[in-house]
Amino acid sequence: MKLKLDIDPDIVAMMQAEVATGERAVTAAMREAGTGLKAAWRLQVTGAGLGLRLANTIRNQTFPKSGESLDAAALVWSQAPFIVGAHDTGPLIRSKDGFWLAIPLPAAGKSLRGGRITPGEWERRRGLRLRFVYRRTGPSLLVAEGRLNSKGQAVVSRSKTGRGKVTAPIFLLVPQVKLPKRLNLARDADRALDSLPGLIVVNWVDGRLARNQLA
C-alpha cells in the first residue's frame, strides 16, 4: 500500500498568514499592556504627591524593538529605582554610621544641590555652629544661636545688643525613620498581566478581519 501526501499551497499560505497575524496580535497586546502599566504607575506616583518629575522616570519598552514576534515582551521600569522602590516598599531607614538621622526643620532651609540639606552643608553656608540638645522624651535636636529671617530660616545675628537673637531648632535627630508605603506597583502589574489574554484575542480577531477584507 502506498500513501501519497500532497500539501495544498493554499493551506501553507493560510498557516503562514495565521502565524503572522498571531505575531502582530501578541506584539500589539504587549505594547498596549506596557503602555497602560506605565500610565498607571505614573498616575500612582503623582497621586501620592511625589511629583511629575519622579512620575516621568517611569518608562517602557516593547521587545522586539522592531518587527513582531509570538515571544514579544514588555518592560516597564523607573530611572529612579531606589526612590520609587522605597515608596513602594516603605523601608526602615537607618543612618549608615549607626548614629543619628538628621531631619531638617523649616529653619534649616533647602540644599543648594536639591533635596534635604545636611548639617555639614548648613554650617558651611550659614556660618553658624550647630549645638546638640539631648531630650529624654522626643527626638533630640541640633540648634543654632542666631535670628530668623523673613523666610523663617536661621541666619547670623548682626545685632550687638542681642535683639532678635533666638535659639532655633534646625534639625531633629532620630535613630531611624519608617518611610510610609505610598505606592502599590505590584497591583497595577498584576492587572496588566491579567489583561494580556484578552488583549491578544482582540488583536488576533481584528487582524483576521483585516486580512479577510484584503483577501
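This text follows the structure it describes.
Chains are numbered independently. Their residues run from 1 in the order of the written sequence. Local features are withheld for residues below a pLDDT of 70 in this predicted model, meaning they are given only at 70 or higher, and side-chain atom pairs are given and counted only at 80 or more; totals for whole chains, interfaces and linings count all residues. Excluded from the side-chain calculation are hydrogens and water; included are all heavy atoms of the structure.

A. Fine view of the packing of aromatic side chains. Stacked, tilted and edge-to-face are the three classes applied to pairs of Phe, Tyr and Trp rings, where Trp contributes its six-membered ring and a pair requires centres within 6.5 Å; stacked means planes under 30 degrees apart, edge-to-face means over 60, and tilted covers the rest. Summed over the entire model, instances satisfying the criterion amount to one aromatic pair. Between the aromatic rings of Trp-100 and Phe-132, the centroid separation amounts to 6.3 Å while the plane-to-plane angle is 45°, which identifies the pairing as tilted. A residue pair is termed long-range when its members are at least 10 positions apart, and Trp-100 in the loop between β3 (92-94) and β4 (101-104) and Phe-132 in strand β5 (residues 131-133) qualify at 32 residues. To sort residues, take the accessible area from a 1.4 Å probe on protein chains only and compare it with the maximum for the residue type: under 20% means buried, over 50% means exposed, and anything in between is partly exposed. With relative accessibility at 39%, the residue Trp-100 sits in the partly exposed group. Residue class for Phe-132 comes out partly exposed when judged on its relative accessible area of 43%. Secondary structure elements are defined from DSSP: runs of H or I of at least 4 residues count as helices, runs of E of at least 2 residues count as strands, and each element is numbered from the N terminus.

B. Looking closely at helix α3 (residues 81-89). Along α3, the residues that are buried comprise Val-84, Ala-86, His-87 and Asp-88. Residue Gly-90 follows α3 closely and has a positive phi angle near 65°.

C. Examining the pairing of strand β8 (residues 166-174) more closely. Sheet topology places β4 next to β8; four bridges connect them, and they run antiparallel. Within β8, the residue paired with Ala-102 across the bridge is Leu-173. The pairing of strand β6 (residues 140-148) with β8 spans seven bridges and is antiparallel. Note that in β8 the partner of Glu-145 across the bridge is Thr-167. Two strands form a pair only when DSSP identifies at least two bridges running between them.

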